[in-house]
Amino acid sequence: MSMDTKRIVTASINGAEISVMADNRMSLLEMLRDAAGLTGTKEGCMTGDCGACSVMMNGRVVDSCLVMAAEAEGAEIETVEGIADGKNLHPLQRKFLEHAALQCGICTPGFLVSAKALLEKNPDPSDAETRYWLAGNLCRCTGYQQIIDAVRDAAAEMRSSAK
Amino acid sequence: MKPFAYHQPGEAAEAGRLLETHGGQARLIAGGSDLLGELKDGIVHYGQLISLSRVKGLDQIHQGASGLRLGAMVILARMEGDPLLSGPYRMLAEAARGVATPEIRNQGTLGGNLCQRPRCLHYRSPWVSCLKKGGSGCPAMESGHQHYLSVMGAGDCRAVNPSDLAPPLVALAGVAIIDGASGSRSLPLTDFFAGPDQIAGRDNALRPGELLVAVELPPMPENWRGTYLKARERTAGDFALISAAFGCRIEEGRIEQARLVLGGASAGPMRCPEAEALLEGQAPSAETAARAAEAAFADASPLPHNGFKLDLGRALVSRAISQITSSTG
């Protein structure tokens, strides 16, 4: 039997259909960054511990470093590049800036994706709920408080503008 | 990572045939959160990965007359909140909630959680040889890093199964449904995992060409309740050092149908029949819970650097019993 080590993978990424030639060893993270040129998603640990590579896959936030590109065939992927509306930042992005919820910024795209997933499920998370649902994202700069504040502040703004 | 072929069969039998054809060169991949770590770290290599993501029918939770059937590809995030995992089965949702991180729970599956490899630091290190990796010696016995090793048992490998779902599933008398190229069979989960005398090369009872396709749980009395408690180094994202699944029902003020299963204590999830017998028919009290906790660890033989797990374990068992017996009945 011949060993096929490459394949074409077609996925919807932030609403655009993209096909890439993927080695079997390629992760979704590498597919996004190296093949599709979407470098907003960051590589941290590559072992699913840090969450810097968090993206949405079929409506669920996952560590893209632990998803094989082959599994993204036919999937709907949303990355940090899809969060803003054109030049208008998403409330989460604005609140991260206002609260200085980042320093080096490597964890920020993952936090934004996970926080957006959280607020879509729970528009008014408590402090404990926010920490629980963001537990898969590590930040070594801020000590987390500014991130929690930014997420809850964004949630409050989104709730009042939804009224 | 070395190159590999990547298969995505649509049927369990086809996955079984691929496993049989490729023997030791093949490995199943479900969510991938455990296996990819091993592959990236160079701990293992397989020339053929067989993905279960396209196999039909493995991602269902089904309630029937004979009990509850959980497909092997049900993701842990679904188990956290599925309405069928309530009442007696609520302890499974609790256990799922304590696994890793939200991201991993969106990828990780029930089957993968049960079949994941141990967390022993020596097994996980690409730089040291060990029995579990086919080497000739066990560096863990002489090491200070023994927190992910058993406190009971006499096998040549003291690594423990790190699954958080295994102890509650054993408490609920779960049965492994196994499929493969040569047909299907079922096996109580108590016989599925390696026992205290585990052989290093074998984590579970799956034979070559076989795969776990579901876990079936027999019906439980309506008023049976259980909980799963887990001790770990950090509140989130960590594996259990030691854990306890406990459940029972209270009839006229007395404990009935007590089930106590430890995780992280022996090679696989370990039922504690002596402790269960001590509880049976007793009125709930702190003293009864403490006696059961003592009994659960009576046969412990900890290693030089993991005796602390006994204190943690007894505390978890007492707490789990008190929690359930004070809220039930």
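Our subject is the structure listed above.
Summarised in this report is the structure supplied together with it. (Residues numbered from 1 in each chain as written. Chains lettered and ligands numbered in written order. Predicted model: local features only at pLDDT ≥ 70, side-chain atom pairs only at ≥ 80, totals over all residues. Heavy atoms only, no water.)

## Remarks on the packing of aromatic side chains
Applying the stated rule across the entire model yields 4 aromatic pairs over all chains. For the ring pair B:Phe4 and B:Tyr6, a centre distance of 6.4 Å and an interplane angle of 45° mean the geometry is tilted. Here B:Phe4 matches B:Tyr6 in class, with each residue buried. Taking the centre distance of 5.1 Å and the plane angle of 90° together, the rings of B:Phe192 and B:Phe193 count as edge-to-face. Sitting above the plane of the A:Trp133 ring, A:Lys121 keeps its charged end 3.7 Å from the centroid. (Phe/Tyr/Trp six-rings, centres within 6.5 Å; stacked < 30°, edge-to-face > 60°. Buried < 20%, exposed > 50% of the residue type's maximum accessible area, 1.4 Å probe, protein only. Lys NZ or Arg CZ within 6 Å of the ring centre and 35° of its normal.)

## Focus on the pairing of strand 10 (residues 242–251) of chain B
Residue and element names in this part refer to chain B. With 9 of 10 residues buried, strand 10 is to be regarded as a mostly interior element. As defined by bridge partners, strand 9 (residues 225–231) adjoins strand 10 across 7 bridges and the pair is classed as antiparallel. Bridge pairing in strand 10 links tyrosine 228 to alanine 245. Between strand 10 and strand 11 (residues 254–263), which follow one another and run antiparallel, lie 2 residues, and glutamate 252 among them has a positive phi close to 50°. (Helix = DSSP H or I, 4+ residues; strand = E, 2+ residues; numbered from the N terminus. Pairing = 2+ DSSP bridges.)

## Notes on helix 11 (residues 286–296) of chain B
Residues and elements named next belong to chain B. Of the residues making up helix 11, those classed as buried are Thr288, Ala289, Ala292, Ala293, Ala295 and Ala296. Buried residues along helix 11 cover an arc of 160° about the axis, so they all sit on one side. In helix 11, the exposed residues that point more than 90 degrees away from the buried face are Ala286 and Glu287. (Arc of directions from axis to C-beta.)

## Topic: a nonpolar patch on the surface
Residues and elements named next belong to chain A. A cluster of nonpolar residues, Leu89, Leu97 and Leu102, forms a patch on the protein surface that exposes about 260 Å² of accessible area. Relative to the helices and strands, leucine 89 is located in the loop between strand 5 (76–78) and helix 2 (91–98). Given the relative accessible area of 40%, leucine 89 is considered partly exposed. (Patch = residues over 30% accessible without salt bridge, like charges linked within 9 Å, V, L, I, M, F, W, Y side chains within 5 Å. Areas by Shrake-Rupley, 256 points an atom, 1.4 Å probe, with all protein chains shown as cover. Salt bridge = Lys/Arg side-chain N within 4 Å of Asp/Glu carboxyl O.)

## Structural notes on the interface of chain A and chain B
One frequent convention defines the size of an interface as the accessible area lost when the parts assemble. Taken together, the contact between chain A and chain B spans 28 residues of the former and 33 residues of the latter. Contact with chain B buries area across many residues of chain A, yet A:Arg25, A:Leu66 and A:Glu71 alone supply 25% of it, more than any other trio. Run the count over chain A and chain B and you get 1 salt bridge. Residue B:Arg54 is joined to A:Glu71 by a salt bridge in which the shortest nitrogen-to-oxygen separation is 3.5 Å. Among the secondary structure elements, those contributing two or more residues to the side of chain A that touches chain B are strand 4 (60–63) and helix 4 (127–133) of chain A. With 4 residues, the top contributor of residues to the side of chain A that touches chain B is strand 4 of chain A. Broken down by class, the residue content of the side of chain A that touches chain B amounts to 13 nonpolar, 8 polar and 7 charged. (Contact = heavy atoms within 4.5 Å. Buried area = accessible area lost by both parts, 1.4 Å probe. Nonpolar A, V, L, I, M, F, W, Y, C, P; charged D, E, K, R; others polar.)

## Quick notes on the pattern of salt bridges
Applying the stated criterion across every chain, the model contains 27 salt bridges over all chains. Between A:Glu157 and A:Lys95 there is a salt bridge, and its shortest N-O distance comes to 3.5 Å. Linking A:Glu157 in helix 5 (residues 145–162) with A:Lys95 in helix 2, this pair joins segments that are 62 residues apart in sequence. Assessed through its relative accessible area of 24%, A:Glu157 is described here as partly exposed. With relative accessibility at 8%, the residue A:Lys95 sits in the buried group. Between B:Asp311 and B:Arg314 there is a salt bridge, and its shortest N-O distance comes to 3.2 Å. Of this pair, B:Asp311 and B:Arg314 are both found in helix 12 (residues 308–327), 3 residues apart, which corresponds to roughly one turn of the helix.

## Let's talk about the packing of helix 3 (residues 108–121) of chain A against helix 5 of chain A
Residues and elements named next belong to chain A. Contact geometry of helix 3 with helix 5 gives a least axis separation of 11 Å together with a crossing angle of 40°. One element, helix 3, and the other, helix 5, form an angle in the oblique class. Helix 3 and helix 5 meet at a crossing whose hand is right-handed. Taken together, the residues of helix 5 that come into contact with helix 3 (itself represented by Phe111, Ala115, Leu118 and Leu119) are Ile147, Val151, Ala155 and Met158. (Axes fitted to C-alpha atoms, helices over the stretch in contact; angles between N-to-C directions. Parallel < 35°, antiparallel > 145°, perpendicular 65-115°, else oblique. Left-handed = near helix turned anticlockwise from the far one by under 90°.)

## Quick word on the environment of A:Leu112
Residue and element names in this part refer to chain A. Secondary-structure assignment places leucine 112 in helix 3. For leucine 112, a relative accessible area of 5% corresponds to the buried category. Counting along the chain gives 65 residues from leucine 112 to threonine 47, while the straight-line C-alpha distance between them is 20 Å. If sequence neighbours within four positions are ignored, leucine 112 has contacts with Val80, Ile83, Leu92, Gln93 and Phe96.

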